[in-house]
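Per-entry structural report
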Amino acid sequence: MSTTTVNQTDCPEVKVPLPLFFTIGVVSLAENLLVVVSVLLNRNLHSPMFCFICSLAAFNTMASLTKTWETLMIVFANVGQLEKKGSSEMNLDDVMDSLLCMSFVGSISSFLAIAVDRYITIFHALRYHNIMTMRRTKTILGVIWITCGVSAVLMVRFFQSKFIMICFVAFFVVSLAMICFLYFYMFMLARIHARKIAALPSSSGGKFGRQRWRGSSMRGALTLTILFGAFVVCWTPFFLHLILLMVCPMNPYCECYRSLFQLHVVLMVSHAAIDPAIYAFRSAELRHTFRKMLLCSDWKQRS
């Protein structure tokens, strides 16, 4: 997406080699496809949380595939095989921009859904399976994907409008605030509940079972907090770029920051490669599934 302006500045634009974009895109594409296939084919992972994680990996797969294809198009254009300003090329560029926007909106929507799921798991444990049924989970995922698709098309179609750009940035900021508040509230309540459980007599029935349940749920919440932290680190520079583009489009100091745009894109693309590594590090079930898949073993369900 074109988000740079041409101003007089002492800061030259930082260029990132195309092979680096291509390498990151291919690696992240392979990793996220591995996550999606693992969740789909391992029955032990057919739970609401892993369905949302699968959705997040699918959006990351979309971003990786789009950026890899865009890199190939740039290579073909540089060697004269494609017209940089041809009508079909411009339409294809709009499609890729829409897919990238969709992957962003979908990622942050998936994070929000996962945060709510973890909250219900921890604080409504007895009613969790009645609240978060698989049917309800599929409905939530359907709403997320349809809403993200429509939003992405509108964003790219009217992106030159300052109002749309403001809405795009506002969505990012408001979503970050909501998820951060939910995680903070969740961890604070979990700390209070842990103290109450610890104060119970050791002979109290179900005490250790509740501790194990909350420990497992909090471990899942911590994993998703790490995922969300990586998302914030990788995407914030790009949104700061957009904010500066709106606030100070002609300021040479702002232009110096915008000269790092390609580095911001590298961070965005790298995010799709970082997530699967966090899944594998934090989830024993996913590690087991990955290992079985890579060794071509009978991995559909753990014995």
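In this report, we go over the structure that sits alongside the text. (Residues numbered from 1 in each chain as written. Predicted model: local features only at pLDDT ≥ 70, side-chain atom pairs only at ≥ 80, totals over all residues. Heavy atoms only, no water.)

To continue, consider the state of the cysteines. Taken as a whole, this structure holds one disulfide when the rule is applied. The disulfide that involves Cys248 links it to Cys254, with 1.9 Å between the sulfurs. Across the disulfide from Cys248 to Cys254, rotation about the S-S bond amounts to roughly -100°, and the bridge is consequently left-handed. A single burial state applies to Cys248 and to Cys254, both of which are buried. Free cysteine Cys54: the closest other cysteine sulfur is in Cys51, separated by 7.0 Å. (Disulfide = S-S within 2.5 Å. Buried < 20%, exposed > 50% of the residue type's maximum accessible area, 1.4 Å probe, protein only.)

This part covers helix H10 (residues 284–294). Those residues of H10 lying buried are Glu285, Leu286, His288, Thr289, Phe290 and Met293. Where H10 ends, the next residue or the one after it, Cys296, has phi of about 55°, a positive value. (Helix = DSSP H or I, 4+ residues; strand = E, 2+ residues; numbered from the N terminus.)

To continue, consider the side chain of Ser38. By secondary structure assignment, the location of Ser38 is in helix H1 (residues 18–41). Since its relative accessible area comes to 0%, Ser38 is described here as buried. Non-local contacts of Ser38, meaning those with residues more than four positions away in its chain, are made with Leu45, Leu286, Thr289, Phe290 and Met293. (Contact = heavy atoms within 4.5 Å.)

Moving on, we come to the pattern of salt bridges. Summed over all chains, the structure comprises four salt bridges. Here Lys15 and Glu13 are joined by a salt bridge, their closest N and O atoms 3.7 Å apart. On the accessibility criterion, Lys15 (58% relative accessible area) is exposed. Here Arg258 and Glu255 are joined by a salt bridge, their closest N and O atoms 2.8 Å apart. Residue Arg258 and its partner Glu255 are located together in helix H8 (residues 252–258), separated by three residues, close to a single helical turn. Assigned by exposure class, Arg258 and Glu255 land together as buried. (Salt bridge = Lys/Arg side-chain N within 4 Å of Asp/Glu carboxyl O.)

That's the geometry; what it means functionally is another story.
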